[in-house]
Amino acid sequence: MRTKSMAGWLVLGCSMLLSNGGLAIAQEHLTVDARAATTPFPHFWEQTFGSGRAILSLRQSYRDDLRAVKQATDFQSIRFHAIFHDEVGLYDPDRKTINFAQTAGQTGATLDTSIYNFSYVDQIYDGLLAEHVRPFVELSFMPKKMAADPNALHAFWYKPNVGPPKDYALWDAMITAFAQHLIQRYGIDEVATWKFEVWNEPNIDFWVGNPKQPTYFELYDHTARAIKAVSPRLQIGGPSTAQAAWVAPFLAHTKAQNVPVDFVSTHVYANDTADNVLGTNENVPRDTMVFRAVKKVHGEIAASAYPNIPLIFSEYNASYANEPNVTDSTFMGPWLANNIRLCDGLTQSMAYWSFSDVFEEQGVVRTPFYGGFGLMAADNIPKPTLNIFTLLHKLGDRRIATDSDSTLATATAPGSLAIALWNYAPPTGTGAKYTMPTFPAGPPKTFDLDLKNVAPNATAEVWRVDDDHGNVLKAFDAMGRPPGDLTQAQIATLRAAGAMAPPEHIHLDHGKLHLTVPAHGLAMVLITR
């Protein structure tokens, strides 16, 4: 047993293993004081979400999913690729002048002859703002008619151009016109709250400038200066790298060249390798890789010329691959809660990739559970991750310290608590085909809670997400995992099965509460005065 005491609070924590018919049960004793000292706990994990590329936001299915996730998390902004992709229609230097006097008998009237067309840009951003969601603007990719190499196309299904411009004067002019238009349409007070991020993952195959780092820095320099020339109030940042890369040299470059930078952004996935992220030969487990990356970059910023610059992980998840038994499953509850526990205080925001499986990087979705990144599966079917984020949204904004590695305790009001409890277990397998395990994924975990300075017989409201609660995959397996299109009846069944399970109501016994959480399970305990 370890005892840790400070003025105003006392936490006792211990773990042991008991036997239950041959299956070991982990047991943890925990004391939480509702009057304990607290630290600020901003909900950094639910401020921003990623999504499929820009043009998808015009679809009804995208907007339906957005509303569902907004209701669950009240998230504030959304990031997507390809606002400059040709399908959005922003840039076309070959647009022709049309004179109304020739076609309609009107004297002196002409159509807009600009090479820029903001029609779809406006519809995209108008749609987000109508739902009280701001754009987190990733400035990408290269319009083909501006590209140095029109054939520098990424392998994604929608084939974005990932090369530099043929002339930076063209790029600078487009960035300037883009920023000016946004301010004219939405006002500087609104647009000054947005983040503008230069490109996406230039250290891997999303940038073919050669050599990669110097040519990306050139792109960043031009973009940042053009943005700030429109208004110094606009926020610009980068390097938006994969695998938590380039942050130290990026900040050294911006300092040496006096280039504007307002925030640092980078990405990591829990199945990235240690050699790519940390430069080591370790075997870093999936439950700690994201934390290790965040901690590394936090340290690089602290050692830089910008020690207080905000850090935004603008893309992360438990897997960059399509692993249904990971991103579609209840595994995500303990994984996400543990990342929040570890990363608290190290980053201003972490943007989960992504909010919806209205997503076409690998092509048109064929089945609702293929290991997509979203909280919502195709056909507006909620995954366990939607319920997981719903539970974690119930946490308070003041954290109470504990010695437990399976607990987040927060104060929600005087005498009120919100406590997340989880039982992490590694994924039950890998690969593209989801299968429910035929054996327990791990032992259950029992939590014995001693809650101080709450009503001793208060009712505890207990919400759960695990294999038997809020888990649509159980119903999908019962259907035999149909591989293709679903019927309307099947869709309705799965939507109902994916809904949040109703809470349990348990009375405290002299301030004590006993709960068991299965492997891959997450429970949220709410105590109110």
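The structure we're discussing is the one just above.
Report on the accompanying structure. Treat the numbers as computed from the prediction; the structure is a model and nothing was measured.

1. Regarding the side chain of Ser404
As for its placement among the helices and strands, Ser404 is situated in the loop between β15 (398-400) and β16 (407-413). For Ser404, a relative accessible area of 7% puts it in the buried group. Within the structure, the side chain of Ser404 is placed 2.8 Å from the side chain of Thr407, a separation counted as a polar contact. Those residues within four positions of Ser404 in sequence are excluded, and the remaining contacts are Glu28, Leu30 and Arg341.

2. Re the packing of aromatic side chains
What describes a pair of aromatic rings is the distance from one ring centre to the other and the angle between the planes of the rings. Evaluated as defined, the whole model comprises 36 aromatic pairs. Considering the side-chain rings of Phe141 and Phe206, the 6.2 Å spacing of their centres and the 15° angle between planes classify their relative orientation as stacked. One end of the pair, Phe141, is in the loop between β7 (134-139) and α4 (168-186); the other, Phe206, is in the loop between β8 (195-198) and α6 (212-230), with 65 residues separating them in the sequence. Phe206 sits in the buried class, given a relative accessible area of 6%. Ring centres 6.5 Å apart and planes at 45° place the aromatic pair Tyr216 and Tyr220 in the tilted group. With a gap of four residues between them, Tyr216 and Tyr220 both fall in helix α6, about one helical turn apart. Among the aromatic residues, those joined into a cluster by ring pairs are Phe84, Phe141, Phe156, Tyr158, Trp171, Phe178, Trp199, Phe206 and Trp207. When the ring centre of Trp463 is taken as reference, the NZ or CZ atom of Lys394 above it lies at 4.4 Å.

3. Things to note about the pattern of salt bridges
Counted by the stated rule, this structure contains 27 salt bridges. In this structure, Arg53 engages Glu360 in a salt bridge whose closest nitrogen and oxygen atoms are separated by 3.1 Å. Note that Arg53 is positioned in the loop between β5 (48-50) and α1 (60-73) and Glu360 in the loop between β12 (349-352) and β13 (376-377), a separation of 307 residues in sequence. Comparing Arg53 with Glu360, the two get one shared label, buried. Between Glu282 and Arg292 there is a salt bridge, with the nearest N and O atoms lying 2.9 Å from each other. Here the residue Glu282 occupies a position in the loop between α8 (274-277) and α9 (289-302), and Arg292 occupies one in helix α9, the gap between them amounting to 10 residues. Since its relative accessible area comes to 37%, Glu282 is described here as partly exposed. The partly exposed category is assigned to Arg292, whose relative accessible area is 28%.

4. A short note on empty space enclosed by the protein
Per the counting criterion, the structure on display carries three cavities of 30 Å³ or more. If you add up the space inside the second largest cavity, you get close to 40 Å³. Lining the second largest cavity, in full, are Phe84, His85, Asp86, Met142, Pro143, Lys144, Leu153, Lys159, Pro160 and Asn161. Of the residues that constitute the lining of the second largest cavity, the class distribution is five nonpolar, two polar and three charged.

Reading the values: rules and limits
Residues numbered from 1 in each chain as written. Predicted model: local features only at pLDDT ≥ 70, side-chain atom pairs only at ≥ 80, totals over all residues. Heavy atoms only, no water. Helix = DSSP H or I, 4+ residues; strand = E, 2+ residues; numbered from the N terminus. Buried < 20%, exposed > 50% of the residue type's maximum accessible area, 1.4 Å probe, protein only. Polar contact = N/O pair within 3.5 Å; in protein donor to acceptor, adjacent residues only side chain to side chain. Contact = heavy atoms within 4.5 Å. Phe/Tyr/Trp six-rings, centres within 6.5 Å; stacked < 30°, edge-to-face > 60°. Lys NZ or Arg CZ within 6 Å of the ring centre and 35° of its normal. Salt bridge = Lys/Arg side-chain N within 4 Å of Asp/Glu carboxyl O. 1 Å grid on protein atoms, 1.4 Å probe; cavity = no way out; pocket = protein on both sides within 12 Å on 5 of 7 lines; lining within 4 Å. Points joined across faces, edges and corners; volume = space filled by probe spheres on them. Nonpolar A, V, L, I, M, F, W, Y, C, P; charged D, E, K, R; others polar.

Geometric descriptors of this kind do not, in isolation, establish any biological role.
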